[in-house]
Amino acid sequence: MKLEKFVDKLPIPKVLKPHSKSKEMTYYEVMMKEFQQQLHRDLPPTRLFGYNGVYPGPTFEVQKHEKVAVKWLNKLPDHHFLPVDHTIHDDGHHEHEVKTVVHLHGGRTPPDSDGYPEAWYTKDFQVKGPFFEREVYEYPNEQDATALWYHDHAMAITRLNVYAGLVGLYFIRDREERSLNLPKGEYEIPLLIQDKSFHEDGSLFYPRQPDNPSPDLPDPSIVPAFCGDTILVNGKVWPYDELEPRKYRFRILNASNTRIFELYFDHDITFHQIGTDGGLLQHPVKVNELVIAPAERCDIIVDFSRAEGKTVTLKNRIGCSGQDADPDTDANIMQFRISKPLKQKDTSSLPRILRKRPFYRRHKINTLRNLSLGASLDQYGRPVLLLNNTKWHEPVTETPALGSTEIWSIINAGRAIHPIHLHLVQFLILDHRPFDIERYQENGELVFTGPAAPPAQNEKGLKDTVKVPPGSVTRIIATFAPYSGRYVWHCHILEHEDYDMMRPLEVTDIRHQ
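Residues numbered from 1 in each chain as written. Predicted model: local features only at pLDDT ≥ 70, side-chain atom pairs only at ≥ 80, totals over all residues. Heavy atoms only, no water.

**Overview of unusual backbone geometry**
Here is step 1 of the chain: Geometrically, the link from Tyr 55 to Pro 56 is a cis peptide bond, its omega value of -10° lying close to zero.
Here is step 2 of the chain: For Pro 56, the position within the fold is in the loop between β3 (46-51) and β4 (60-63).
Here is step 3 of the chain: Although it is not a glycine, Asn 181 adopts a positive phi angle of roughly 60°.
Here is step 4 of the chain: Within the fold, Asn 181 resides in the loop between α2 (175-178) and β10 (188-198).
Here is step 5 of the chain: Judged by relative accessible area, Asn 181 falls into the partly exposed class, the value being 36%.
Here is step 6 of the chain: For Asn 234, which is not a glycine, the phi torsion comes out positive at approximately 55°.
Here is step 7 of the chain: The residue Asn 234 is located in the loop between β12 (230-233) and β13 (236-237) in this model. (Helix = DSSP H or I, 4+ residues; strand = E, 2+ residues; numbered from the N terminus. Buried < 20%, exposed > 50% of the residue type's maximum accessible area, 1.4 Å probe, protein only.)

What follows is the structure in structure tokens.
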């Protein structure tokens, strides 16, 4: 259905207040429940799942070193309102459709609080998955200031739960960030971007089956990818915001299931990126556009001081399959009207140096791993995308020692970009290098066809999700600390993650110095 753009004001998710706070711990309770929320002026209220009954969920604001505990309460119904495929991962959703487990994405978190996919539970903890360990999750926040996000991570239905609204932002603050005099308060704006599609009655559309399904295909059946035809920011369809002619800081998250955006501003407005997934870059990087895959975050400064009285649109250049975006749908994100008078002189700054400390000190490299991205077919002829040609339930093969530093060479012999996410760690991208796909597919021989290219300047910060282009080997370096235990790594295209592009990752107790 066609909805008018830029008629709803951009909402800002409320900051969550703790239930209790002491010197030792800040304690929250967050309730997951079903509710209805109006996502556009001309849409009836939409049925959603959300944290504390809002979409997006409330924002956490915490300090570095602040110990946080959260009891994530599942008050959702027994049956899902989106199509659950019962043929993938026999993991309890045959009897229990609505399972949840929360992952703090990008968090350096103990394994029993990480949101392992099989640590799911149902309403009121009545039924618990095979890896369930605790009802209250603990987040030490022993990491630099950054924008994390929290979302559902339940086995085989992450794509449905996230699409239904189980997402929210989590900001860590520290002294280093505060010393920089960046735009703050009302001049720091979160932009949580998702795509969705709607029925005429305002309900969410999500496909029951792939396009042109065979008669033997299950109903419902998982689809290999999904992009909606409507863009939402902070839970509103194509919103607008009214700004002053001054500098603003935007904290951008792509929370979509599949869609990659190439974001830019019209009126030839350039901007500066100051941070990536894991926090601040060392220096601001002037950019004209941002390519941001599912789960990636970008921290940018935009100066609107010369745009007074103008209307500026945040736009998107690429469609879901790599083609040009459609001017009627996904080419637009939101609108900024530089119409408010300047309250006072803008004294915020764009520092020349953001971070003085190195991201990595020189480490001995303990292990080199070659890890492939590939595909097979299931008994119904559906694509099953895999990591290292290995399915989820097969034995663990990635077992870094606690404290060890590894270089992972991720080999993409497919036709699409995969955003690969590692739990527990922040890593650096070393380079991307093209190779001969045909020879690799024929005999596994890795023959490079060009030199290694370093990451773009605005990707030279700490990351937890990396875009791995097709026909390339992407190398990353990570130190596996500070916890041992069971984690995962996976593609963050959620349809891929659910079936079957996710693998366990075991950080072993053997410590490397």
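**As for the pairing of strand β21 (residues 311-316)**
Here is step 1 of the chain: Counting buried positions along β21 gives five out of six residues, so the element sits mostly inside the fold.
Here is step 2 of the chain: Direction of pairing for strand β16 (residues 261-265) relative to β21: antiparallel, over a ladder of three bridges. When the bridges of β21 are listed, Phe 265 appears paired with Leu 314.
Here is step 3 of the chain: With five bridges connecting them, β21 and strand β22 (residues 332-337) associate as antiparallel partners. Looking at β22, one finds that Lys 315 is bridged to Asn 332. (Pairing = 2+ DSSP bridges.)

**Things to note about the state of the cysteines**
Here is step 1 of the chain: Applying the stated criterion across every chain, the model contains one disulfide.
Here is step 2 of the chain: At a sulfur-sulfur separation of 1.5 Å, the disulfide partner of Cys 227 is Cys 320. Across the disulfide from Cys 227 to Cys 320, rotation about the S-S bond amounts to roughly 45°, and the bridge is consequently right-handed. One end of the pair, Cys 227, is in the loop between β11 (204-205) and β12; the other, Cys 320, is in the loop between β21 and β22, and 93 residues separate them in sequence.
Here is step 3 of the chain: Free of any disulfide, Cys 298 has its nearest cysteine sulfur in Cys 491, 17 Å distant.
Here is step 4 of the chain: Free cysteine: Cys 491, not disulfide-bonded; nearest cysteine sulfur from Cys 320 at 13 Å. (Disulfide = S-S within 2.5 Å.)

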